[in-house]
Amino acid sequence: MKNNNKHICFHPWTGIDIDAQNEHKPCCKIGESFGNTLEEYLNNPKLANMKEEFLKGNRPVECSKCWQEEDAGRPSKRQLDWEQVYDKQIPKDDGIRVAMLTFGNSCNLTCRTCNSRSSSSWIKEEKKLFPGIKIYPHNGFYKNIRYHADLAELAKTVTYVYIAGGEPFLSIDLKYHSNFLDLLLDRAEEITLEYVTNCTVTPSEEMWEKFKRFKKVEFHLSVDGVGSVYEYTRHPANWEKVLQNIKRYQSLANDTPNFKISIGHTVSMLNVYYLPDFLIWCLKNKLGRPYLGMVYDPPHYNIRNLPEKIKNIMTDRLSLYSANEVVSFMQEQDDQPEQFQKFLDTTRILDQERKSTIEQNLPEFYNMLMDHGIKY
């Protein structure tokens with residue numbers, strides 16, 4: 001039977017997100033944890049309450065990020081998943097079909113908009129540079145027997161598996177990752193895999209062979225700029241190595257029927273000025289238009305907190321390149337000056353530590369700030 005509830009989302013019935021700190025919840029857009037095991041998640045009263053709210057036609061408060069996107073006229077994750085993952089039937093409790101999971105927070109980069117929650121490489125700098133900040137451990141929950149048992153249970157019903165990180169293709173975790181793929185191989189022709197990778201490393205040859213057995217494998221290449229913009233925002237990555245890996249993904253996708261690649265670009269204060277350049281680069285390199293995600297947290301990288309005079313300049317610049325969804329997001333709320341000041345302070349601290357400055361790597365953006373009286 002078809003469902004006519006325009007607010008329905010299937011994630012509370014058939015989805016699960018297991019993040020880099022082993023917090024289980026219906027999807028990645030929800031901030032609070034519903035437990036740390038599959039059993040805790042499925043039996044959490046909050047999950048039952050969400051289902052009840054959805055069936056009444058209400059908007060559960062946990063899903064506020066999707067409602068903000070939809071109210072602003074942008075497609076939300078709920079809507080995108082409706083079209084790409086689920087059918088449009090009344091949801092049923094017949095097993096987890098969509099699993100978003102990680103193998104811990106192991107990562108080789110300290111991207112400026114990230115932290116130790118999702119990247120183990122951040123732990124050392126956070127301890128040294130930001131006293132009082134919450135520091136997350138290098139979490140190895142994926143080695144636990146209980147997690148293995150939960151993955152085996154999920155393997156019985158999933159049809160769509162989304163694997164992020166950390167960085168999912170680091171050698172430190174590949175044994176556990178590969179073992180999970182083995183659990184899926186008997187049903188591989190029914191299952192779509194999607195990965196998010198920072199492109200600094202690529203899968204092992206053994207994994208490439210396993211991927212060929214699945215219905216579809218999409219590699220979502222997370223690229224937040226080109227050249228010095230990429231290297232500055234994603235320390236200590238090397239752009240030439242990343243570019244080489246992107247070309248390899250392209251070649252494999254062209255030669256392997258079930259492989260697909262897509263580009264994701266997370267828009268922050270650091271790279272919004274360079275978004276037009278990135279869009280042109282994607283087109284020139286036959287990568288299509290990227291998916292543009294917005295940094296919400298940390299708020300000092302959220303483009304909504306750019307000063308108004310800078311927002312207006314960026315509005316004119318972005319409107320020339322059909323980036324209206326970015327302009328809409330940026331202009332929806334007034335800036336918070338204290339957050340922009342935190343952006344400047346944090347940038348100064350990291351520049352000094354990493355001996356790589358905003359003036360050197362983002363000179364056009366830096367000069368624009370200086371020209372409008374913003375002192376770094």
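What comes next is a walk through the structure. (Residues numbered from 1 in each chain as written. Predicted model: local features only at pLDDT ≥ 70, side-chain atom pairs only at ≥ 80, totals over all residues. Heavy atoms only, no water.)

Concerning the overall build of the chain
The condition is simple: Starting at the N terminus, helices and strands are each numbered in turn, a helix being any DSSP run of H or I of at least four residues and a strand any DSSP run of E of at least two. Using C-alpha atoms as the atom set, the radius of gyration is obtained and then compared with a globule rule of 2.2 Å times the number of residues to the power 0.38. The rule is simple: take the accessible area with a 1.4 Å probe, protein chains only, and divide by the maximum for that residue type; under 20% is buried, over 50% is exposed, in between is partly exposed. The criterion used for residue contact is that any of the two residues' heavy atoms lie within 4.5 Å. Throughout, the Shrake-Rupley method with a 1.4 Å probe supplies accessible areas, and for residues the shown protein chains are the sole cover considered. For the purpose of charge, His is not counted, nor are the chain termini; Lys and Arg are scored as positive and Asp and Glu as negative. Charged groups are reduced to one reference atom each: NZ for lysine, CZ for arginine, CG for aspartic acid, CD for glutamic acid.
Counting its secondary structure elements, the chain contains 17 helices and 8 strands. In terms of overall dimensions, the chain is globule-like: its C-alpha atoms have a radius of gyration of 21 Å, near the 21 Å expected for 376 residues. By its C-alpha atoms, the chain is 60 × 50 × 45 Å across when sized along the principal axes. Relative to its 376 residues, the chain shows a buried fraction of 55%. In the chain, of all internal contacts separated by at least 6 residues, the share reaching a separation of at least 24 is 71%. Of the accessible surface of the chain, which amounts to about 17100 Å², a share of 49% is contributed by carbon and sulfur atoms. Across the chain, the centroid of the 48 positively charged side chains sits 1 Å from that of the 51 negatively charged ones.

Observations regarding the packing of helix 6 (residues 122-129) against helix 15 (residues 337-354)
Quick note on the threshold: Axis lines are fitted through C-alpha atoms, for helices just across the contact stretch, and the angle between N-to-C directions can take any value from 0 to 180 degrees. Geometric relationships in this document are graded by angle, where less than 35 degrees denotes roughly parallel, more than 145 denotes roughly antiparallel, 65 to 115 denotes roughly perpendicular, and other angles denote oblique. Should the near helix be turned counterclockwise from the far one by less than a right angle, the crossing is left-handed, whereas a clockwise turn marks it as right-handed.
It is the contact of helix 6 with helix 15, at a shortest axis distance of 12 Å, that shows an interaxial angle of 115°. Between helix 6 and helix 15, the angle is such that the two are roughly perpendicular. Taken as a pair, helix 6 and helix 15 cross one another with a handedness that is right-handed. The residues of helix 15 that touch helix 6, namely those facing Trp122, Glu125, Lys128 and Leu129, are Ile349, Leu350, Glu353 and Arg354.

Let's talk about the pairing of strand 3 (residues 98-101)
Using the following cut-off: By this definition, two strands are paired if DSSP reports at least two bridges between them.
The side-chain alternation of strand 3 yields two buried faces, one formed by Val98 and Met100 and the other by Ala99 and Leu101. Strand direction decides the pairing type here: strand 1 (residues 15-18) and strand 3, joined by 3 bridges, are parallel. From the neighbouring strand, Ile16 faces strand 3, where its bridge partner is Ala99. Bridge count for strand 3 against strand 4 (residues 160-163) is 4 bridges, and the pairing is parallel. Looking across to strand 4, one finds that Met100 is bridged to Tyr162.

Remarks on the layout of surface pockets
This is how the line gets drawn: Two kinds of site are reported from a 1 Å grid over the protein atoms alone, namely cavities, where a 1.4 Å probe fits but cannot get out, and pockets, open sets with protein on both sides within 12 Å along at least five of seven lines, and residues are called lining when an atom falls within 4 Å of a point. Grid points are joined across faces, edges and corners, and a volume is the space filled by probe spheres set on the points. Classes in brief: Ala, Val, Leu, Ile, Met, Phe, Trp, Tyr, Cys and Pro nonpolar; Asp, Glu, Lys and Arg charged; the others, Gly included, polar.
Put simply, the second largest pocket is a space of about 180 Å³. Lining the second largest pocket are 13 residues, and of these Trp13, Leu42, Asp94, Gly95 and Ile96 lie nearest its centre. Sorting the residues of the lining of the second largest pocket by element identifies helix 1 (11-14), helix 2 (38-42), helix 3 (45-55) and helix 7 (145-154) as the ones contributing at least two each. The residue inventory of the lining of the second largest pocket, partitioned by class, reads 7 nonpolar, 2 polar and 4 charged.

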